[in-house]
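So the chains spell out like this:
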Amino acid sequence: MEINTLRVESSLWIGNKRYRAALSGWYFSWTELDKKNREKKTVSVRVAEVIGVEDGRVEIQPQKKVEDTERDFTLFYVKRSGRGSSQGGLWCLGRTQFTCPSRDLRDQWVTQLRTALKTHSPSRPHRLLVFINPFGGKKRGKQIYHSLVAPLFELAGISSHVVVTERANQARDHILKKDLTGFDGVVCVGGDGMFSELLHGVIGRTQQEAGLSEHDPSGVLKPCDLHIGIIPAGDSQPLDVCAVHHKSSLVRYSVSLVGYGFYGDVLAESERHRWMGPLRYDYSGCMVYLCNQSYQGTVQFLPADPGLSSPRDKTRCLSGCRVCSESTERLFPLSDSCSLYSDKLSQYSNQSEGEWMSVAGRFKCISLTCMSSSCPKSPLGLSPSAHLADGTGDLILVRDTNPLSFLTYLHRHTTSQDQFDLPFVEVHRVKAIKFSLPPGERYDEDEDEEKMDHNAEEEAMEDPDTVQGGHDSRSSSQQHLAGPGKERGTPIKSSMREFLCGLCCSKPPAVSVWNCDGEILPHIEISCRVHGQLVRLFARGIEDDGKAWGLCEDSRNCKGRCTPHSR
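Residues numbered from 1 in each chain as written. Predicted model: local features only at pLDDT ≥ 70, side-chain atom pairs only at ≥ 80, totals over all residues. Heavy atoms only, no water.

Draft legend 1. Local environment of the overall build of the protein. Within the protein one finds 14 helices and 27 strands. Relative to its full complement of 567 residues, the protein shows a buried share of 52%. A separation of at least 24 residues holds for 73% of the contacts in the protein among residues at least 6 apart in sequence. Accessible surface, the protein: about 27000 Å² in total, of which carbon and sulfur atoms supply 50%. (Helix = DSSP H or I, 4+ residues; strand = E, 2+ residues; numbered from the N terminus. Buried < 20%, exposed > 50% of the residue type's maximum accessible area, 1.4 Å probe, protein only. Contact = heavy atoms within 4.5 Å. Areas by Shrake-Rupley, 256 points an atom, 1.4 Å probe, with all protein chains shown as cover.)

Draft legend 2. Geometry of the packing of aromatic side chains. One pass over the full model with this rule turns up 14 aromatic pairs. Each ring, one from Tyr-260 and one from Tyr-295, has its centre 5.9 Å from the other, and the planes form 65 degrees; the classification is edge-to-face. Linking Tyr-260 in strand 17 (residues 257-261) with Tyr-295 in strand 18 (residues 295-303), this pair joins segments that are 35 residues apart in sequence. Exposure remark for Tyr-260: the relative accessible area of 2% places this residue in the buried category. Note on Phe-406 and Tyr-409: the rings are 6.1 Å apart at their centroids and 20 degrees apart in plane angle, and the pair reads as stacked. Remark: Tyr-409 and Phe-406 occur in helix 9 (residues 403-412); sequence separation between them is 3 residues, near one turn of the helix. (Phe/Tyr/Trp six-rings, centres within 6.5 Å; stacked < 30°, edge-to-face > 60°.)

Draft legend 3. Representation of the pairing of strand 11 (residues 127-132) in the model. Most of strand 11 sits inside the fold, with 5 of its 6 residues counted as buried. Where strand 11 and strand 12 (residues 159-164) come together, 6 bridges link them in parallel fashion. Within strand 12, the position partnered with Leu-128 by the bridge is Ser-160. Note: strand 11 against strand 13 (residues 185-189), 5 bridges, orientation parallel. Across the sheet, Leu-129 pairs through a bridge with Val-186, a residue of strand 13. (Pairing = 2+ DSSP bridges.)

Draft legend 4. Representation of the environment of Thr-369 within the structure. Of note, Thr-369 is situated in strand 19 (residues 357-369). For Thr-369, a relative accessible area of 0% puts it in the buried group. Here the alpha-carbon distance between Thr-369 and Ile-396, two residues 27 residues apart in the chain, equals 8.3 Å. At 3.0 Å, the side chain of Thr-369 forms a polar contact with the side chain of Ser-373. (Polar contact = N/O pair within 3.5 Å; in protein donor to acceptor, adjacent residues only side chain to side chain.)

Draft legend 5. Focus on the pairing of strand 26 (residues 527-537). Counted residue by residue, strand 26 has 11 buried out of 11 residues, so it is predominantly covered. Here strand 21 (residues 425-436) pairs with strand 26 via 3 bridges, running antiparallel. Bridged to Ala-432 within strand 26 is Arg-529.

Draft legend 6. Seen up close, unusual backbone geometry. In this model, Ser-373 sits at a positive phi of 60 degrees, which is unusual for a non-glycine residue. Of note, Ser-373 is situated in the loop between strand 19 and strand 20 (393-399).

Draft legend 7. Inspection of the packing of helix 6 (residues 262-270) against helix 7 (residues 279-291) at higher detail. Orientation of helix 6 relative to helix 7, taken along the N-to-C sense of each, is 125 degrees, at an axis distance of 8 Å. Relative to helix 7, the element helix 6 is oriented oblique. Crossing of helix 6 against helix 7: the hand is right-handed. Contact residues: Phe-262, Asp-265, Val-266, Glu-269 and Ser-270 in helix 6; Arg-280, Tyr-281, Ser-284, Gly-285, Val-288 and Tyr-289 in helix 7. Residues belonging to the contact of helix 6 with helix 7 are distributed by class as follows: 5 nonpolar, 3 polar and 3 charged. (Axes fitted to C-alpha atoms, helices over the stretch in contact; angles between N-to-C directions. Parallel < 35°, antiparallel > 145°, perpendicular 65-115°, else oblique. Left-handed = near helix turned anticlockwise from the far one by under 90°. Nonpolar A, V, L, I, M, F, W, Y, C, P; charged D, E, K, R; others polar.)

Draft legend 8. Focus on the pattern of salt bridges. One pass over the full model with this rule turns up 23 salt bridges. Notably, a salt bridge pairs Glu-32 with Lys-17, separated by 3.9 Å at the nearest N-O pair. Remark: Lys-17 occurs in strand 3 (residues 17-24) and Glu-32 occurs in strand 4 (residues 27-33); sequence separation between them is 15 residues. Judged by its relative accessible area of 40%, Lys-17 falls in the partly exposed class. We note a salt bridge from Lys-64 to Glu-154, for which the minimum N-O separation is 3.0 Å. On the criterion of sequence distance, the pair formed by Lys-64 in the loop between strand 7 (57-59) and strand 8 (65-67) and Glu-154 in helix 3 (residues 141-155) is long-range, its members being 90 residues apart. (Salt bridge = Lys/Arg side-chain N within 4 Å of Asp/Glu carboxyl O.)

Draft legend 9. Broad picture of helix 8 (residues 322-331). Those residues of helix 8 lying buried are Val-323, Cys-324, Ser-327 and Leu-331. Along the axis of helix 8, the buried positions cluster into a sector of 90 degrees, meaning they face one direction only. Among the exposed residues of helix 8, those pointing more than 90 degrees away from its buried face are Arg-322 and Glu-329. Buried residues along helix 8 sit against strand 26. (Arc of directions from axis to C-beta.)

Draft legend 10. Representation of the environment of Arg-280 in the model. Its place among the elements puts Arg-280 in helix 7. Judged by relative accessible area, Arg-280 falls into the buried class, the value being 7%.

So this is what it looks like as structure tokens:
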């Protein structure tokens with residue numbers, strides 16, 4: 001075995017086949033050799049994608065089995081599904097068992113691989129606070145964690161403290177009030193509602209400790225040191241967060257979509273048909289489209305610097321994105337290289353904020369998104385060139401038009417055509433927006449909120465399980481903040497029906513509702529401000545499918561023989 005600072009190499013066996021294994025730079029690879037010592041297929045794995053290395057023959061799925069053999073070690077790593085798969089970007093657990101000529105050589109390989117793992121993954125967490133929603137995953141949340149997640153944490157050397165939630169907002173309250181010393185991050189095993197609790201808890205805790213008010217619409221929030229995990233990985237991904245305010249009170253945080261008009265109406269209508277399951281969204285979308293509604297309003301927005309990026313520049317925010325990387329220096333110019341989170345924040349300083357612009361009229365939909373918002377039905381998303389961590393959002397204004405033209409706009413989301421290349425659509429890259437209704441169409445929000453509170457009490461009496469146990473999207477709609485120290489329920493089913501006209505109504509509605517990451521906001525006139533890189537996720541960013549397969553593009557010895565490790 002040859003050992004130096006650059007390369008480790010020896011012969012190993014997988015089954016009855018001999019391989020030349022090499023640990024070089026950022027990769028660990030093994031090449032099959034035939035009887036004449038000629039090289040055949042090579043498999044290569046990034047060191048950063050190695051989950052763990054164990055002595056002996058080890059299996060963890062479907063249950064853990066350990067056979068302590070003297071000359072074997074088992075490598076666990078990230079494995080991608082095959083190219084031909086409809087889910088080509090998904091990750092799964094890869095496992096390869098190696099046999100060495102001697103125990104000493106086995107020990108050397110295990111030591112070198114573990115050392116390389118610490119060197120190339122210095123930001124990997126050591127201790128996590130895990131919240132499990134027992135009602136999530138078809139009430140299989142605890143089973144999912146203990147059978148699938150916990151074994152991976154153990155392999156990666158990550159310890160965890162687990163909290164099984166018993167009521168809505170328990171995770172948020174725990175983060176806000178408990179001692180979190182020693183934790184590198186918080187992880188949720190649940191759905192959108194649980195993630196929203198973690199998001200609001202982590203941001204709220206950070207601002208409390210910094211002595212900052214979340215309720216100041218023009219205030220600058222301090223980025224959070226505590227990472228958030230949905231599907232934990234070795235790296236971390238900064239994420240822009242949009243703070244939504246009504247007057248001088250924080251309403252909610254959003255990381256994806258804040259939408260008015262069509263997308264708000266679809267969500268409100270879908271809440272009336274929860275019994276339909278996921279099909280309710282398709283049904284509601286069809287019904288709302290047939291209603292053919294548009295709404296008056298005035299949108300004010302603070303444009304971002306057009307010289308940095310544009311929502312129509314055809315770029316994509318992928319892992320290692322240049323725009324997001326350069327934005328770190330722009331958003332935090334006074335922070336040193338060791339800490340991204342300097343107290344001397346310069347985002348949105350009054351001197352460089354710029355001039356607000358205004359657009360008034362009748363709109364089919366108004367959308368503000370801080371990411372592309374891609375999904376299986378819309379592969380490129382609402383705004384294909386939006387960035388995850390550049391401190392901006394994309395404001396999409398779809399003016400009133402005929403039903404066929406609007407259908408064309410919606411259909412383009414399912415194709416590669418430019419959905420912004422239509423005369424009634426405009427898109428702006430912005431740092432903040434404000435929305436207001438025309439004077440003649442304003443309504444008494446205080447009276448409407450009292451009605452919401454009354455209906456919330458009635459619904460809670462009718463369905464006590466919603467208050468005590470559920471963390472689904474219905475219960476998580478009660479998590480928005482209505483003011484300092486005050487929480488207010490928002491019963492979507494009973495209070496939001498008035499916003500939709502239906503096919504049979506003679507009088508169309510004057511206003512729509514706001515869809516904030518799948519939750520209906522209790523206010524119409526709102527302001528939104530994008531806070532750049534406010535939180536960090538345990539994630540790597542969006543992978544380019546083509547680059548994900550080119551695992552050995554930097555290897556000088558590849559010579560075209562390397563194949564992806566999912567084969």
